[in-house]
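# Residue-level structural notes
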Amino acid sequence: MGCCYSRIEREEMVSRCKSRKRYMKQLVKARQAWSASHSMYLRSLRSTGAALLQFSNAETTLHHHHHPSHPTTHHHLNNHAHHSPPPPPQTPLQPPPPPPRSPSSETTWTSTASTALPPPPPPPPSSTWDFWDPFVPSSSRSVTEEEWEATTTASEAVVTTVTGAASTVAPPSIVSGFSKDSEASSMAMVVSRNAKDLVEIIKELDEYFLKAADAGVQLSFLLEVPTPGFTSHINGGKVYNHGCNLSTPSTWAWGSSPKFNGFGKMGCDEMVSSHLGSEIGSDGVVHSSHCSTVERLYAWEKKLFQEVKDAETIKIEHDKKVSTLKKLEMKRAADYVKTEKTKKEVEKLESQMMVSSQAIETTSAEIIKIRDTELYPQLLELVKGLMCMWRSMYQSHQVQKHIVQQLKYLNTIPSTEPTSEIHRQSTLQLEVHVQQWHQSFDNLVRAQCDYIQSLTGWLRLSLFQFRRNPLPKTSQESRIYTFCEEWHHAVDRIPDKVASEGIKSFLTVVHAIVVQQAEENKQKRKSESAFKELEKKSSQLRSLESKHGPFSVLDSSSSSAKNPVADKRAKVEKLRAKAEEEKSKHEKFVSVTRSMTINNLQMGFPHVFESMVGFSSVCMQAFESLYNQAKSADQELDVKRLLLN
């Protein structure tokens, strides 16, 4: 029996259906992982900004102890998760143009979009940041801009104007692997109206972390990000999420697709619709979530696999009976009763084969219907959502890249205040959140890659028609296949490793601060211990002086003179020198920590935002090109249909 089953599994059609089922199962899991990792990435952006603000508050508080005239601001992570940036001002601002698109570059795409990118999210009303394009005619600039330009040589600022040229402080080139920004003159610059301290700079940075996270909210609806009611966790680098998010309002509504009448007591849709968020509205249109669509496709694929396997089993049995019948008929003294019985068995099996064939065609037709009327439009919306998300993230990270350049111009006098326990904890928390940012970024990239890989694998096999005379692929089938193949190629070409390394390099910078603070704290404990020991011995000396007086006392029983007070005093002085030495060492550690903190931020911040600007720029162009090509192909198909009709 096992051998027969194994033989059936090896049959081409059965094997193909088994692979199709496996790919669809992988797609279901990959969609869940993508949904969960997307949610985690947005959360990590918010929490990183909040942790940075908490860290900068703690760092600046030390400087405020040194310079008490500066006020401090307070911010808490638990409140930050639900914070939204204030509404933009009414005055339109000059947007930074998209990066150049070189068709010859392996990691850039040429977009077919005819519309320009919308302006980046403007700063909040209270913000002191301006977008400034050095090539806008002076007549169109505001008074503020004219005054700033006139006094820029006398003050420290991001951009120093040069006659007939752009700023001397040009934005750094995108790290290797990304499309390069052209000249500094090709992009609007962010300039500061006045000097800022660390907290003010980080506060501006945090606003754009929030804007970047908000950019992914719409895609969260399309991906049906899991709610707390469903289990979601990471295990061994893989994200698992059980079930669809049924509390999210449905954003999908395509084509008429009545409940399917699959073979058996219950149709496939009926089996799964009760828990997959798919229902038919009063208008007769199926309102299906993407989760529901892929789950239903998986249910149909399981059904198809079973039907094909059953059909192959019947076919094998039929072949055996036909062979037996031929042998019986060839015998001279044929057994009439046995021959007639075998004939009836063959006829019965042929009837079953016909039913099985019809079942396979019906199931295949339902899969095709779901694929073309539900899945393909949903995939288009997902790519559109990705395009819009990365466009907004590109704009936010672009602003952040310029904001952090202000760190170069901090005139902070190194504080002599030691690192407090609160500051140490805020630094450790920052390290944790940057680590989560790094991990969630890698998970997000991997999940989308797994998703599109599973989808294209399934499509390659599912385009095979289960008919006696296979037909060539229709325009509809070619359209979805080409779209997903291009998506797959785009994801493969996106240089995520460079962006991942950019975040990791910032994590290394933060970790170095954590280590330095730990060394400072260790030296602090050494210094405190030395002074405790000094105080203890000093107390003993005072007791001895009280007992014997401060002068020498001779011990008559000894040949040599002893002075216990002097001996004790000498030991105390030695301890005092050691304690002062440990104190001096601690003060040096404090000075190194304060200087190192600012230096590390100045070095680490630009690299991480350069890499994120580059990555989001490439993603934006890739998905924009993919979406526009698909829409163009759809329009051509619609025109052909109109002409045919």
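## Overview of the overall build of the protein chain
Helix and strand counts for the protein chain stand at 13 helices and six strands. The burial tally for the protein chain puts 48% of its 645 residues in the buried class. Pairs at least 24 apart in sequence give 85% of the contacts found in the protein chain among residues at least 6 apart. Surface exposure of the protein chain reaches about 32200 Å², of which carbon and sulfur atoms provide 54%.

## Quick notes on the environment of Glu535
Here Glu535 is to be found in helix H12 (residues 496-548). Remark: the alpha-carbon pair of Glu535 and Arg576, spanning 41 residues in sequence, is separated by 9.0 Å. Among the polar contacts made by the side chain of Glu535, one reaches the side chain of Arg542 at a distance of 3.2 Å.

## Side note on the packing of helix H8 (residues 290-330) against helix H9 (residues 336-403)
H9 packs onto H8 with a crossing angle of 160° between their chain directions and a minimal axis gap of 8 Å. Taken together, the axes of H8 and H9 lie roughly antiparallel to each other. Seen from above, H8 lies across H9 with left-handed handedness.

## Focus on the packing of helix H10 (residues 421-462) against H12
It is at 9 Å that the axes of H10 and H12 come closest, and there the two elements cross at 160°. Compared by their axis directions, H10 and H12 come out roughly antiparallel. The handedness of the crossing between H10 and H12 is left-handed. Tallied by class, residues from the contact of H10 with H12 come to 13 nonpolar, eight polar and five charged.

## Considering the confidence of the model for the protein chain
Do not read the fine detail of predicted coordinates wherever pLDDT is low. Residues at a pLDDT of 70 or more form 64% of the protein chain, whose mean pLDDT is 74. Considering each helix and strand of the protein chain separately, the mean pLDDT is smallest for strand S1 (residues 129-132), with a value of 39, and largest for H10, with 95. A low-confidence stretch, residues 245-278 (pLDDT under 50), is modelled with 89 contacts involving residues beyond four sequence positions or located in other chains.

## Structural notes on the pattern of salt bridges
With the rule as written, the count across this model stands at 20 salt bridges. In this structure, Arg20 engages Glu301 in a salt bridge whose closest nitrogen and oxygen atoms are separated by 2.6 Å. Remark: Glu301 occurs in helix H8 and Arg20 occurs in helix H2 (residues 12-66); sequence separation between them is 281 residues. Here the two residues Arg20 and Glu301 agree in accessibility, since each one is buried. A salt bridge links Lys321 to Glu345, with the shortest nitrogen-to-oxygen separation between them at 3.0 Å. Within this pair, whereas Lys321 is found in helix H8, its partner Glu345 is found in helix H9, the two being separated by 24 residues in sequence. Judged by its relative accessible area of 27%, Glu345 is partly exposed.

## Section: the nonpolar core
Among the nonpolar cores identified, the biggest contains 96 residues, and Leu379, Trp390, Leu455, Phe483, Trp487 and Phe605 are the most heavily contacted of them. At 17 residues, the largest contribution of residues to this core is made by H9. Once residues lying within four places of it in the same chain are set aside, the contact partners of Phe605 are Leu52, Ile202, Leu205, Val404, Leu407, Phe506 and Asn600. Formed by eight residues, the second largest nonpolar core is a distinct cluster that contains Leu544, Val565, Val572 and Ala579.

## Some remarks on the environment of Met596
Inspection of the secondary structure puts Met596 in helix H13 (residues 564-644). Between the C-alpha atom of Met596 and that of Ile513, which follows or precedes it by 83 residues, the distance is 7.2 Å. If sequence neighbours within four positions are ignored, Met596 has contacts with Ala512, Ile513 and Gln516.

## Digging into the packing of aromatic side chains
Taken as a whole, this structure holds 12 aromatic pairs when the rule is applied. Ring centres of Tyr41 and Phe441 lie 6.1 Å apart, and the angle between their planes is 55°; on these two criteria the pair is classed as tilted. You can see Tyr41 sitting in helix H2 and its partner Phe441 sitting in helix H10, a full 400 residues away along the chain. Accessibility expressed as a relative area gives 1% for Tyr41, which makes it buried. Relative accessible area serves as the criterion here: at 0%, Phe441 is assigned to the buried category. Here Trp390 and Phe615 contribute two aromatic rings whose centre-to-centre distance is 5.2 Å and whose plane-to-plane angle is 85°, an arrangement assigned as edge-to-face.

## Brief notes about the side chain of His488
Relative to the helices and strands, His488 is located in helix H11 (residues 475-493). Overall, His488 belongs to the buried group, its relative accessible area being 10%. Ignoring anything within four residues of it in the chain, the contact list for His488 reads Ile452, Gln453, Thr456 and Arg460.

## Let's talk about a positive patch on the surface
Together, Lys522, Arg525, Lys526 and Lys578 make up a region of like positive charge exposed at the surface. Per-element tally for the positive patch: the top contributor is H12, with three residues. When you line up the elements, Lys522 lands in helix H12. By relative accessible area, Lys522 is classed as partly exposed at 43%.

## Some thoughts on unusual backbone geometry
Comment: phi is negative for the bulk of residues other than glycine, and the bulk of peptide bonds are trans. If you check the backbone angles, Glu224 has positive phi at about 55° while not being a glycine. With respect to the helices and strands, Glu224 occurs in the loop between helix H6 (217-223) and strand S3 (232-235).

## Topic: the environment of Lys211
Assignment of secondary structure puts Lys211 in helix H5 (residues 198-214). Relative accessible area serves as the criterion here: at 11%, Lys211 is assigned to the buried category. Measuring from C-alpha to C-alpha, the distance between Lys211 and Gln395 comes to 9.4 Å, with 184 residues separating the pair along the chain.

## Some details on H9
In a regular helix each residue adds 1.5 Å, so 68 residues correspond to 100 Å; H9 covers 95 Å between its end C-alpha atoms and thus fits that length. The principal kink in H9, of about 35°, is found at Arg371. The opening residue of H9 is Asp335, an N-cap whose side-chain oxygen sits 3.3 Å from the backbone nitrogen of Val337.

## Let's talk about H5
The end-to-end C-alpha distance of H5, which contains 17 residues, comes to 24 Å, matching closely the 24 Å that a straight helix rising 1.5 Å per residue would cover. Counting buried residues along H5, 14 of its 17 residues qualify, which places the element largely inside the surrounding structure. Capping the start of H5 is the job of one residue whose side-chain oxygen sits 3.2 Å from the backbone nitrogen of Val199: Asp197.

Rules behind the numbers
- Per chain, residues are indexed from 1 in the order of the written sequence.
- Local features in this predicted model are restricted to residues of pLDDT 70 or higher, and side-chain atom pairs are both shown and tallied only at a pLDDT of 80 or more, whereas totals for entire chains, interfaces and linings draw on every residue.
- Values shown for side chains rest on all heavy atoms present in the structure; no hydrogens or waters enter the calculation.
- Numbering goes from the N terminus for both helices and strands, where a helix is a DSSP run of H or I of at least four residues and a strand is a run of E of at least two.
- Three exposure classes are used, based on accessible area relative to the maximum for each residue type with a 1.4 Å probe and protein chains only: buried under 20%, partly exposed in between, and exposed over 50%.
- In this analysis, two residues are considered to be in contact whenever any of their non-hydrogen atoms come within 4.5 Å of each other.
- Residue exposure ignores everything except the shown protein chains as possible cover, and the areas themselves are Shrake-Rupley values with a 1.4 Å probe.
- Any pair of nitrogen or oxygen atoms within 3.5 Å is treated as a polar contact; in protein, a donor-acceptor pairing is required on top of that, and neighbouring residues in sequence qualify only through side-chain atoms on both sides.
- Only the stretch in contact is used when a helix axis is fitted, and all axes are lines through C-alpha atoms; the angle between N-to-C directions ranges over 0 to 180 degrees.
- Angular relationships are summarised with four words: roughly parallel below 35 degrees, roughly antiparallel beyond 145, roughly perpendicular across 65 to 115, and oblique for the angles in between.
- Definitions for this section: a left-handed crossing has its near helix turned counterclockwise from the far helix by less than a right angle. A right-handed crossing has that turn clockwise.
- Charged residues are taken to be Asp, Glu, Lys and Arg, nonpolar residues to be Ala, Val, Leu, Ile, Met, Phe, Trp, Tyr, Cys and Pro, and polar residues to be all remaining types, Gly included.
- On a scale of 0 to 100, pLDDT captures the predictor's confidence in every residue.
- By definition here, a salt bridge exists when the distance from a side-chain nitrogen of Lys or Arg to a carboxyl oxygen of Asp or Glu is within 4 Å.
- To form a nonpolar core, buried Ala, Val, Leu, Ile, Met, Phe, Trp, Tyr and Cys residues must be joined to one another through side-chain atoms within 4.5 Å.
- A pair of Phe, Tyr and Trp rings is counted when the ring centres sit within 6.5 Å of each other, with Trp represented by its six-membered ring. The angle between the planes then sorts it: under 30 degrees is stacked, over 60 is edge-to-face, the rest tilted.
- Candidates for patches are residues over 30% relative accessible area with no salt bridge; among them, like charges are joined within 9 Å and nonpolar side chains (Val, Leu, Ile, Met, Phe, Trp, Tyr) within 5 Å.
- Just so you know, the count uses Lys and Arg for positive and Asp and Glu for negative, and it drops His and the chain ends.
- Note that the charge is assigned to NZ on lysines, CZ on arginines, CG on aspartates and CD on glutamates.
- Here, expected helix span is obtained from the residue count minus one, scaled by 1.5 Å.
- What the bend at a residue measures is the angle between two axes, fitted to the seven residues ending there and to the seven starting there.

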